[in-house]
Amino acid sequence: MSLHADRTVSYEKYHGTSNDFIIIDADEFIPNRYSFATTYCDRTNGAGTDLDIDEDDHVGADGVLFLALEEKYSPPRVIMTLVQPDGSTAAMCGNGARCAAAWAAEQTGASEVMVDTQAGTRHATVHDDGSVTIEMGVPAFDPRDVPLTHDGPLIEEELEGFSVTAVNTGVPHAVIFVDDVDDVDLETVGPTLRYADVFPEGANVTFASPSENGFRQRTYERGVEGETQSCGTGAVAVVAVAKRLGRLDDCESVTVSPPGGDLEISVPDDAPATLRGPVDHEFAGELGRDPSSEL
Ligand SMILES: N[C@H](CCC[C@H](N)C(=O)O)C(=O)O
């Protein structure tokens, strides 16, 4: 049943280590998802201003998740479509999929959820502590999978002054290891790598540096066109590339720490990668269905 009896639509705001998302039931009538996302992800006038929430790190979002719940299955399924602040869609979002699983668990009472994404179906487990583990497929280095306009895999090759390794963890990532991620001027170097010709579909740009118990991470995200506080596919990319480059001995789980918090990653040799981390429900509100008509 399509629910568009009135001008506004209900939304829930979730975040996974501060990578934050507006969640909309996909049954709701939204005339133009592009203008909905570009309007309400805005960090100054976006979602949250309807609730007089004024700290910039809560207003707006890193994307809108349109979620279609299919409760007749066991475990229940949720079909996830991510529309990002620039209006683009992406095949996968690790933190977004974790939020989608938490939302579906809240709706159904289930603790196991199948999340259907454009990168494939991903099994998720919602734990009693509120954290969510999601399967992330097998990281791919083949140029056809990243994709790359490069004949072979891009492994520690010089690009824009950095030693870059490219991997697809549901979406393309350019991964660079440095001594200290805090020394990177990400807003400057991010776009030059994000739009490098070798990435025909662009790439997210993930810097990593060793930490006491794993790696620190910073990511400049395609579609956000800026640094986010956390990136799940980026965290998996860090571990996958670290293993490929021999920076990691075989270990069950690695802690990767973006600015927004800690994520636990596993990249086994013979099974899908997994991503685990906290998920928080921030607030709920109402937004105009068709902001383009309210100009
Ligand atoms: N910006 C990404 C999608 C979201 C990835 C990120 N938020 C995550 O948690 O994986 C892209 O356009 O490929």
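Rules used throughout
Residues numbered from 1 in each chain as written. Predicted model: local features only at pLDDT ≥ 70, side-chain atom pairs only at ≥ 80, totals over all residues. Heavy atoms only, no water. Helix = DSSP H or I, 4+ residues; strand = E, 2+ residues; numbered from the N terminus. Rg over C-alpha atoms; globule rule 2.2 N^0.38 Å. Buried < 20%, exposed > 50% of the residue type's maximum accessible area, 1.4 Å probe, protein only. Contact = heavy atoms within 4.5 Å. Areas by Shrake-Rupley, 256 points an atom, 1.4 Å probe, with all protein chains shown as cover. Lys, Arg positive; Asp, Glu negative; His and termini not counted. Charge placed at Lys NZ, Arg CZ, Asp CG, Glu CD. Pairing = 2+ DSSP bridges. UniProt positions renumbered as here; feature names shortened; annotations may be inferred. Salt bridge = Lys/Arg side-chain N within 4 Å of Asp/Glu carboxyl O. Domains from an automatic or database assignment. Buried area = accessible area lost by both parts, 1.4 Å probe. Polar contact = N/O pair within 3.5 Å; in protein donor to acceptor, adjacent residues only side chain to side chain. Nonpolar A, V, L, I, M, F, W, Y, C, P; charged D, E, K, R; others polar. Core = buried A, V, L, I, M, F, W, Y, C linked by side-chain atoms within 4.5 Å.

(A) Focus on the overall build of the protein. Per the secondary structure count, the protein includes 4 helices and 18 strands. Against the compact-globule benchmark of 19 Å for 295 residues, the protein has a radius of gyration of 18 Å, which places it among compact chains. Counting over 295 residues, the protein shows a buried share of 53%. Sequence-distant contacts in the protein: of pairs separated by 6 or more residues, those separated by 24 or more amount to 64%. Accessible surface for the protein amounts to roughly 12,500 Å². Of this, 45% is attributable to carbon and sulfur atoms. Of the charged side chains in the protein, 18 are positive and 54 negative, and the gap between their average positions amounts to 5 Å.

(B) Inspection of the pairing of strand β3 (residues 64–70) at higher detail. Pairing between strand β2 (residues 19–25) and β3: 4 bridges, direction parallel. Across the sheet, Ile 23 pairs through a bridge with Leu 65, a residue of β3. Relative to strand β4 (residues 77–83), β3 runs antiparallel, the two sharing 7 bridges. Considered in β4, the bridge of Val 64 is made with Val 83. The turn linking β3 back onto β4 is made up of 6 residues.

(C) Representation of the UniProt feature "binding site: substrate" (unreviewed entry) in the protein. Per the UniProt record, the feature "binding site: substrate" (unreviewed entry) sits at Asn 19, Gln 84, Gly 94, Asn 95, Asn 204, Glu 221, Arg 222, Gly 232 and Thr 233. One can find Arg 222 in the loop between β13 (214–221) and β14 (226–228). Every residue in contact with Arg 222, bar those within four places of it in the chain, is listed here: Gln 84, Ala 90, Val 171, Pro 172, Arg 194, Glu 201, Gly 202, Ala 203 and Asn 204. For Gly 232, the location among the structural elements is in helix α4 (residues 232–244). Among all residues touching Gly 232, those that are not within four sequence positions of it are Gly 94, Asn 95, Met 136, Leu 263 and Leu 275.

(D) The pattern of salt bridges, seen in detail. All told, the structure shown has 14 salt bridges when counted by the stated rule. Residues Arg 77 and Asp 116 are paired through a salt bridge, measuring 3.0 Å at the closest nitrogen-oxygen approach. Taken together, the positions of Arg 77 in strand β4 and Asp 116 in strand β6 (residues 112–117) put the pair 39 residues apart, joining distant regions of the chain. Through salt bridges with shared partners, a single network forms among Lys 13, Asp 20, Arg 43, Asp 62 and Glu 282.

(E) Just the domain arrangement of the protein, in detail. Split by domain assignment, the protein resolves into domain 1 (5–137 + 279–288) and domain 2 (157–270). With 17 residues of domain 1 in contact, the opposing surface of domain 2 contributes 19 residues. Three residues stand out in domain 1 for area buried against domain 2, namely Thr 17, Gln 84 and Met 136, and they jointly supply 37% of the buried area on that side. The interface formed by domain 1 and domain 2 contains 0 salt bridges. On inspection of domain 1 and its partner domain 2, the count reaches 5 residue pairs in polar contact (both at pLDDT 80 or more). Considering each element in turn, the side of domain 1 that touches domain 2 owes the most residues, 3 residues, to helix α2 (residues 94–108). Looking at the side of domain 1 that touches domain 2, its residues break down into 6 nonpolar, 8 polar and 3 charged.

(F) Just the nonpolar core, in detail. In terms of nonpolar packing, the biggest core is built from 49 residues, with Leu 65, Leu 67, Val 78, Met 80, Val 115, Phe 177 and Ile 265 touching the most fellow members. Both of domain 1 (5–137 + 279–288) and domain 2 (157–270) provide at least three residues apiece to this core. Sequence-distant contacts of Leu 67, defined by excluding residues within four places in its chain, comprise Ile 23, Ile 24, Asp 25, Ala 26, Val 78, Ile 79, Met 80, Ala 100 and Trp 103.

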